[in-house]
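Single-letter residue listing:
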Amino acid sequence: MAKSLKIGIIGGGIGGVALAAALNQRGIQAHLFERAAEFGEVGAGIQMTPNAVKVIKALGGESELDKVGFLPEALVGRDWDTAEEKFRIPLKADCPRLYGANFYHVHRADLHELLAGMIGDTKVTFGAQCTGVEQNEQGAVAHFADGSRFEGDLIVGADGVRSVVRHDLFGADDPQFTGHMCYRAVVPFDERPDFVPPEAAFWLGPKSHVVTYYVNGGKAVNIVAVHETEKWVEESWNTLSSREALLGDFPGWHSYIQQLFERVTEVYRWGLFDRDPMQTWTKGRITLMGDAAHPMLPFLSQGAAMAIEDAYVLAKALDGLPGQLDKALAQYEAERLPRTSRVQLEARERGKTYHLSSKEEQAKRDAEYREQQKKDPHAGGIKANWVYAYNATDFTPVP
């Protein structure tokens, strides 16, 4: 029976805790291993698009998400120096009707806390640095830096872009530096400023773009600023930068952006690295999920959402195919791999579209935006309606 499976989850980020929550909901025990000393997330915002919110609703977390989240009015494309509106995708009024769920902006730490609150009596070991995985006739084994080991029926690598589990299963891969670097910052406000409308704003400029939106229930603004650079930048979430560096890479941008950047006190930056979709995530009794399986560029805002979808589908496959672990893993992969591969590749394309430099290319792009806007705003702009329409909770394993 699936209920008696012994499952180890390597990594306690958003994907790992989402999987623990989904398994707990089905009465399946798991053991979560997290290398940090406690749960916690880097302070940054995250877009919880309707496809991910459908899973959170199914897990019973919608009321909590409503407390900590912010409902943006629309997703709006703007010109970097004039603020001219290039496209507008209504969100607050339309998402429940079109996709069956809201579109939230939320602080990453709030989302992580929400999911961690649903793991029930899942066993968690902190300070557990996985050094490798292997398989034997009985199942799978994870080894840790302190000399301990975990033996189980299944090990799931939810250990992020530098996944030890992925490395041990499939060898080293060489991610390609995209030439993009990303700044992230969160700016608190006592009152909402008039220079940050209640929307997800995509400011499109030559070789750069900036995304701004409210988090913390509207009490802070999240900034994601992507800039092309010839200098290699480390792939790390926690490298501190400076307000001066941020302002220096976006000279001449609209006064709304300048006013917001001037209020930044703490800013992080990292390089964006790209990887091609994998052919498989599973070997024997070990599989991958989230960024360990399909790391992607942030241009469709789907990294965490894909991990949350993975978690629900994997838990449902394991629960629905008791005693058929190989079949469950095959169906999990068959459901998820094509979708996440498409999101990876389309995110790559959006990065190119947002950063067009020549006036001719920009004019052609903007004309296309205007035509799409007339026909169907939800099919235009960042063209993510197919992402939001997906419902991971519809997945049903086939006996």
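Here the residue numbering is sequential within each chain, running from 1 through the sequence in written order. Only residues with pLDDT of 70 or above have their local features reported here, since the model is predicted, and side-chain atom pairs are shown and tallied only from 80 upward, although totals for entire chains, interfaces and linings are computed over all residues. Heavy atoms throughout the structure, all of them, feed into the side-chain values; hydrogens and water do not.

## Some details on helix α8 (residues 255-262)
Thinking step 1. Three exposure classes are used, based on accessible area relative to the maximum for each residue type with a 1.4 Å probe and protein chains only: buried under 20%, partly exposed in between, and exposed over 50%. Secondary structure elements follow DSSP: runs of H or I no shorter than four residues count as helices, runs of E no shorter than two count as strands, and numbering proceeds from the N terminus. Taken together, the buried positions of α8 are occupied by Ile257, Leu260 and Phe261. Buried residues in α8, looked at end-on, bunch into an arc of 95°, giving them a common side. Directions are taken from the helix axis to each C-beta atom, and the arc is the one they span.

## Quick word on the sheet that holds strand β5 (residues 85-90)
Thinking step 1. Here, a strand pair is defined by DSSP locating no fewer than two bridges between the strands. The sheet built from eight strands is open, its strands ordered β5-β4-β13-β14-β15-β12-β17-β16 with mixed pairing. Two strands close off the open sheet at either side, each with one partner strand: β5 and β16 (239-240).
Thinking step 2. Bridging between strand β13 (residues 200-205) and strand β14 (residues 208-215) involves five bridges; their strand directions are antiparallel. Directly across from tryptophan 203, in β14, lies its bridge partner valine 210.
Thinking step 3. Contacts from helix α10 (residues 325-354) reach β12 (176-188), β13, β14 and β17 (267-274), with the element oriented near 60° to β13.
Thinking step 4. Only heavy atoms enter the contact rule, under which two residues are in contact if any of them lie within 4.5 Å. Axis lines are fitted to C-alpha atoms, over the contacting stretch for helices. Their N-to-C directions set the angle, which ranges from 0 to 180 degrees. Against the sheet, helix α11 (residues 359-375) touches β5 and β13, its axis set at about 35° to β5.

## With respect to the pattern of salt bridges
Thinking step 1. Salt bridges are defined by distance alone: a side-chain nitrogen of Lys or Arg within 4 Å of a carboxyl oxygen of Asp or Glu. This model, assessed by the stated rule, comprises 25 salt bridges.
Thinking step 2. Arginine 78 is paired through a salt bridge with glutamate 199; the nearest N and O atoms lie 3.0 Å apart. With arginine 78 in strand β4 (residues 74-79) and glutamate 199 in the loop between β12 and β13, this pair connects stretches of sequence that are 121 residues apart.
Thinking step 3. Looking at glutamate 199, the relative accessible area reads 5%, which means it is buried.
Thinking step 4. Ionic pairing is found between lysine 374 and glutamate 371, a salt bridge with its closest N-O pair at 3.3 Å. You can see lysine 374 and its partner glutamate 371 sitting in helix α11, three residues apart, about one turn around the helix.
Thinking step 5. The partly exposed category is assigned to glutamate 371, whose relative accessible area is 39%.
Thinking step 6. Taken together, the shared-partner salt bridges in this structure form one network comprising Arg78, Glu85, Arg88 and Glu199.

## Describing the packing of helix α2 (residues 50-59) against helix α9 (residues 303-320)
Thinking step 1. The interhelical angle for the contact between α2 and α9, taken along N-to-C directions, is 40°, at an axis separation of 9 Å. Here α9 runs oblique to α2, going by the angle between their axes. For the pair α2 and α9, the crossing hand works out as left-handed. Of α9, the residues touching α2 (which contributes Asn51, Ala52, Val55, Ile56, Ala58 and Leu59) are Ala305, Met306, Ile308, Glu309 and Tyr312.
Thinking step 2. When residue character is reported, Ala, Val, Leu, Ile, Met, Phe, Trp, Tyr, Cys and Pro are called nonpolar, Asp, Glu, Lys and Arg charged, and the others, Gly included, polar. Across the contact of α2 with α9, the residue classes tally to nine nonpolar, one polar and one charged. Working definition: roughly parallel below 35 degrees, roughly antiparallel above 145 degrees, roughly perpendicular at 65 to 115 degrees, and oblique for all remaining angles. For any pair of crossing helices, the crossing counts as left-handed if the nearer helix is rotated counterclockwise from the farther one by less than a right angle, and right-handed if it is rotated clockwise.

## A closer look at the sheet that holds strand β8 (residues 130-136)
Sheet strands pair via backbone hydrogen bonds, and the direction of the pair is either parallel or antiparallel.
Thinking step 1. Spatial strand order, β8-β9-β10: three strands in an open sheet with antiparallel pairing. Only two strands of the sheet have a single neighbouring strand rather than two, namely β8 and β10 (149-152). The mean angle between the axes of side-by-side strands here comes to 15°, regardless of whether they run parallel or antiparallel.
Thinking step 2. Sheet analysis places strand β9 (residues 139-144) next to β10, joined by four bridges and oriented antiparallel.

## Regarding the pairing of β12
Residues in a regular strand point their side chains to alternate faces of the sheet.
Thinking step 1. In this sheet, β17 lies alongside β12 in antiparallel orientation, the contact comprising eight bridges. Looking at the pairing, histidine 180 lines up with leucine 272 of β17.
Thinking step 2. Taken together, the nine bridges between β12 and strand β15 (residues 220-228) define a ladder with antiparallel strand orientation. Among the inter-strand pairings, histidine 180 is bridged to a residue of β15, identified as glutamate 228.

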